[in-house]
Amino acid sequence: MSETFEGYERQYCELSASLSKKCTSASLLDGEQKKQKIAEVKAGIDEAEALIRKMDVEARNLPPNVKAVLLAKLREYKSDLNNLKSEIKRIASTNLNQAARDELLESGMADAAAVSADQRGRLLFSTERLNKSSDRVRDSRRTMLETEELGVSLLQDLHQQRQSLLHAHGTVHGVDENIGRSKKIMTNMSRRMNRNKWIIGFMVTILVVAIILILYFKLK
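Please read all numbers here as calculations on a predicted model, not as lab measurements.

A. Structural detail: the overall build of the protein. Counting its secondary structure elements, the protein contains five helices and zero strands. Each helix (α) and strand (β) of the protein, taken in turn from the N terminus, gives the series α-α-α-α-α. Of all 220 residues assigned to the protein, the portion counted as buried reaches 22%. Contacts in the protein between residues far apart in sequence, at least 24 positions, make up 77% of those at least 6 positions apart. Counting only carbon and sulfur atoms, one obtains 60% of the accessible surface of the protein, whose full area is about 16,000 Å².

Right, here's the structure in full:
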């Protein structure tokens, strides 16, 4: 995984956790404060979508084994962002009228405790999202390290195979030279043998002629 992708991912995770907390705050507000908080969340969502697009472009330029892991992770980020969009849309569409607010005030401590419990639940949810994002960053780093180790191992194997091929090529070249020298030696030996045959035949002929002459003069 590239440092560029990792930087985008870190920004996205921090932004996603911040947006979750803002959603929780927006659900507890009303009036102009609520509208302002919703506007901040929507702007943050646009920024998060831009980061996802950048991560997508960066991931598609990486090796296939790393790209597959990162694209799967991006699908999870997109799903989380869609859930956040649905949540802020629900909050924006919720308008409590005056009677409902009066009823909420009259409900006393029981309703206040319920709101507090709901707020704690949302804060816990935001914390859980942040922890998940941190885990994803750690998983991405671990995947990057494992991929780098695999690449180094493959390069070492290729280097060893190249050295073996070069050694084999040198051995074959040496064998060719030895065969060439052997052919020259065999050719020279063949020539010497032929020459020796002619010499021996010539000597045998001379001996035969000498023997015939000796017998001729003795018998005469």
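Next comes the rest of the write-up.
B. The packing of helix α1 (residues 3–27) against helix α2 (residues 31–59), seen in detail. At a minimum axis separation of 9 Å, α1 and α2 run at an interaxial angle of 160°. With respect to their mutual orientation, α1 and α2 come out roughly antiparallel. Once α1 is placed against α2, the crossing between them reads as left-handed.

C. Quick peek at the packing of aromatic side chains. Throughout the structure, instances matching the rule amount to one aromatic pair. With a centroid separation of 4.8 Å and an interplanar angle of 40°, the aromatic rings of Y12 and Y77 are classed as tilted. With a gap of 65 residues between them, Y12 in helix α1 and Y77 in helix α3 (residues 64–93) connect regions that are remote in the sequence. Take Y77: its relative accessible area is 1%, and that puts it in the buried class.

D. Inspection of the packing of α1 against α3 at higher detail. Two elements in contact, α1 and α3, have axes separated by 11 Å at closest approach and are oriented at 20°. Judged by the inter-axis angle, α1 sits roughly parallel to α3. Read as a crossing pair, α1 and α3 show a hand that is left-handed. Counting all contacts with α1, which are made through F5, E9, Y12, C13, L19, S20, C23, A26 and S27, the residues of α3 involved are L70, K73, L74, Y77, D80, L81, L84, E87, I88 and I91. Of the residues that constitute the contact of α1 with α3, the class distribution is 13 nonpolar, two polar and four charged.

E. The arrangement of the side chain of D80 in detail. Within the secondary structure, D80 is located in helix α3. In this structure D80 comes out as buried when scored by relative accessible area, which is 18%. Here the side chain of D80 touches R136 through a polar contact of 2.9 Å, side chain to side chain.

What counts and what doesn't
- Residues numbered from 1 in each chain as written.
- Predicted model: local features only at pLDDT ≥ 70, side-chain atom pairs only at ≥ 80, totals over all residues.
- Heavy atoms only, no water.
- Helix = DSSP H or I, 4+ residues; strand = E, 2+ residues; numbered from the N terminus.
- Buried < 20%, exposed > 50% of the residue type's maximum accessible area, 1.4 Å probe, protein only.
- Contact = heavy atoms within 4.5 Å.
- Areas by Shrake-Rupley, 256 points an atom, 1.4 Å probe, with all protein chains shown as cover.
- Axes fitted to C-alpha atoms, helices over the stretch in contact; angles between N-to-C directions.
- Parallel < 35°, antiparallel > 145°, perpendicular 65-115°, else oblique.
- Left-handed = near helix turned anticlockwise from the far one by under 90°.
- Phe/Tyr/Trp six-rings, centres within 6.5 Å; stacked < 30°, edge-to-face > 60°.
- Nonpolar A, V, L, I, M, F, W, Y, C, P; charged D, E, K, R; others polar.
- Polar contact = N/O pair within 3.5 Å; in protein donor to acceptor, adjacent residues only side chain to side chain.

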